[in-house]
Amino acid sequence: MANAVVAMSGGVDSSVAAALLKENGYKVSGVAMKIWSGEASSGEGTRHSCCGPGEEEDIEDARKVAQILGIDFHVLDLRQEYKTEVLDYFCHEYLSGRTPNPCIRCNRTVKFGALLKKTRDMGLGFDYFATGHYARVEYAKSKHRHLLKKARDLNKDQSYFLYSLSQEQLGSSLFPVGNYTKEEVRKMASSLGLSVGNKLESQDFITGGYSTIIGTAQPGQILDKQGNVLGEHRGIPFYTVGQHKGLGISAGEPLYVTDIDRGKNALIVGSKEEVYRDELTASELNWIATEELKCPTMAKARIRYLHNEAKAIVTPLSKDRVRVKFKEPQMAITPGQAVVFYQGATVIGGGTIEEAGN
């Protein structure tokens, strides 16, 4: 009998993932991460953030599910690791004028990294690590590689957030709900008598908004592309490329953030058309379907989670840098965000956007 540890968040997806594994003959244990360093709050029925004062309630929900399923359950303190790997990184990126993706960072370094290490350190042996992500992993014998694939429910697919996982991480990972729709998962939870069946999903990365961890920032000028001063911003960490609302300036046409000049502590604004670019460069690459990209490759690229995939040619510039040329211009290519490359349902790999081309 194979042993599986399930990262349980107290939500419906990880709860059903644990149930499915037990049903399929695995010896299952549940683990929950303690990552919130502030005070707990009471707000039953409210939509919690991934990191926030509702954590204790979520952990208790996970504990109740474990009791119903008859599996062991452990809570591991990862507050320091989460602060170092996610919160500090998040602040540094925003203060540098970039827009990071904390979920991708958390998956690679905390959930599939520090959490597994602490689980092993406490003596809990396991063969597989499972989560409630909507994605699938397959092993391609011809390539001798583990492949990351989209979920069956494309409306819930979360493969974008998992592109940075290594072959070792993918080889020991299970995503039990990846072959089901969200509706089917909720129905399974109800049939098992799990109260989390209708629980609201996490709403945001951190409760209270980004300002709660970024703090104050230096105000600066809002400029047009000619360098004319149009107004003042409250600090570049609170803005991102493509942003339209909250600029506090009026003009004859709607204005959008087209660039962030960290050196001048300035926002550059322009028309909506100026936000569209047809090229980007990316680094910090991780390849899944291949060991290394050695020649220009046709793919579909996604420049953020809620962005539609777009046809592009991905050209290697070095071992850890690529140029991506889109067939059609894309709106708000944002430094710091992830670009993920697909061929059909398979994730080829991805990286972090350095800059947008002209």
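The coordinates are above.
About the criteria used
Residues numbered from 1 in each chain as written. Predicted model: local features only at pLDDT ≥ 70, side-chain atom pairs only at ≥ 80, totals over all residues. Heavy atoms only, no water. Bend = angle between axes of the 7 residues up to and from the residue. Helix = DSSP H or I, 4+ residues; strand = E, 2+ residues; numbered from the N terminus. Buried < 20%, exposed > 50% of the residue type's maximum accessible area, 1.4 Å probe, protein only. Lys, Arg positive; Asp, Glu negative; His and termini not counted. Salt bridge = Lys/Arg side-chain N within 4 Å of Asp/Glu carboxyl O. Phe/Tyr/Trp six-rings, centres within 6.5 Å; stacked < 30°, edge-to-face > 60°. Lys NZ or Arg CZ within 6 Å of the ring centre and 35° of its normal. Pairing = 2+ DSSP bridges. Contact = heavy atoms within 4.5 Å. Axes fitted to C-alpha atoms, helices over the stretch in contact; angles between N-to-C directions. Expected span 1.5 Å × (residues − 1).

Participant: Quick question: what am I supposed to make of helix α3 (residues 79-95) here?
Facilitator: Along an α-helix, a turn takes 3.6 residues, which lines up residues three or four apart on a common side. Considering bend angle alone, the principal kink of α3 is centred on D88 and spans about 25 degrees. Residues Y82, V86, L87, Y89, F90, C91, E93 and Y94 constitute the buried set of α3. G97 lies just past α3 and shows a positive phi near 80 degrees.

Participant: I'm lost on the side chain of D153 in this one. Help?
Facilitator: Within the fold, D153 resides in the loop between β6 (145-150) and α5 (167-171). Although D153 is buried, it forms no salt bridge, and the closest oppositely charged side chain is K156 at an N-O distance of 7.2 Å.

Participant: How should I be thinking about the packing of aromatic side chains in this particular structure?
Facilitator: Aromatic ring pairs: the centre-centre distance and the angle between the two ring planes describe each pair. Under the defined criterion, the tally for this structure stands at eight aromatic pairs. Here the aromatic rings of W287 and F341 are separated by 6.0 Å at their centres, their planes lie at 20 degrees, and the arrangement is stacked. Separated by 54 residues along the polypeptide, W287 in strand β12 (residues 276-287) and F341 in strand β16 (residues 338-343) bring together distant segments of the chain. Classification of F341 by relative accessible area gives buried; the value is 1%. Taken together through their ring pairs, the aromatic side chains of F112, F129 and F175 make up a single cluster. The aromatic ring of Y342 is capped on one face by K150, whose charged end is 4.8 Å from the ring centroid. Between R234 and the ring centre of F238, over which it is positioned, the NZ or CZ distance is 4.2 Å.

Participant: Looking at this model, I keep getting lost on the sheet that holds strand β1 (residues 3-7). Mind explaining?
Facilitator: Either a parallel or an antiparallel arrangement is found when strands of a sheet pair, and the pairing is made through backbone hydrogen bonds. Read from one edge to the other, the open sheet built from five strands follows the order β3-β2-β1-β4-β7, with strand pairing classed as parallel. The open sheet has two free edges, formed respectively by β3 (72-77) and β7 (173-174), since each of these has just one partner strand. Sheet topology note: the strand β4 (residues 128-130)/β7 ladder contains two bridges and is parallel. Note that in β7 the partner of A130 across the bridge is L174. This element, helix α1 (residues 12-23), spans β1, β2 (27-34), β4 and β7 of the sheet and lies at about 170 degrees to β1. Contacting β2 and β3, helix α2 (residues 55-69) crosses the sheet at an angle of about 160 degrees to β3.

Participant: Explain α2 here, please?
Facilitator: For α2, built from 15 residues, the straight-helix expectation of 21 Å at 1.5 Å per residue is met to within 8% by its first-to-last C-alpha distance of 21 Å. Of the residues making up α2, those classed as buried are E55, E57, D58, I59, D61, A62, V65, A66 and L69. As for α2, its buried residues are in contact with α1, β2 and β3. Of the residues trailing α2, G70 is marked for its positive phi of about 75 degrees.

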